[in-house]
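Take a look at the letters that make up each chain.
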Amino acid sequence: MVQAQRKPTTVGDVLLYEYLEPTGLRVTDLADMLQVHRNTVSKLLNNNSKLTPDMAFRLAKAFDTSVDFWLNLQTNVDIWEIQNDPRTQEEISRIITLSEMLERKTRAA
């Protein structure tokens, strides 16, 4: 298992600390900007939902950033969570590689 590091910054944290707080925007303001329901924004800000590609496009347009910026934030968090989840790591350790499977099939034939 990979040594645990600090969890990467989430999309919600970037939105809150880099955009909403400095500008005085509220959840409803951001929802209006993005043309989504305020609950959608609230879930994202509170890290209760993951960023979708659709939302990444909306955020990129609203804040004049790249779609990749937002998607990379989410990807980094997703990878960190998998690397630091012992149950998932245990499941991954049992995965059979292609070469192992082909070797088994060759021996069985």
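Quantities reported herein were computed from a predicted structural model and do not represent experimental measurements. (Residues numbered from 1 in each chain as written. Predicted model: local features only at pLDDT ≥ 70, side-chain atom pairs only at ≥ 80, totals over all residues. Heavy atoms only, no water.)

Visitor: What exactly am I supposed to notice about the pattern of salt bridges here?
Guide: A side chain with one charge may pair with a side chain of the opposite charge, provided their charged atoms come close. Taken as a whole and judged by the stated rule, the model has seven salt bridges. In this structure, the salt-bridge partner of Glu81 is Lys7, at a minimum N-O distance of 3.1 Å. Separated by 74 residues along the polypeptide, Glu81 in helix H5 (residues 67-83) and Lys7 in the segment before helix H1 (11-23) bring together distant segments of the chain. The residue Lys50 makes a salt bridge to Asp78 at a minimum N-O spacing of 2.9 Å. In this pair, Lys50 sits in the loop between helix H3 (38-45) and helix H4 (53-63) while Asp78 sits in helix H5, placing the two residues 28 residues apart along the sequence. By relative accessible area, Asp78 is classed as partly exposed at 22%. Each member of the salt-bridge network shares a partner with another, and the members are Lys7, Lys50, Asp78 and Glu81. (Salt bridge = Lys/Arg side-chain N within 4 Å of Asp/Glu carboxyl O. Helix = DSSP H or I, 4+ residues; strand = E, 2+ residues; numbered from the N terminus. Buried < 20%, exposed > 50% of the residue type's maximum accessible area, 1.4 Å probe, protein only.)

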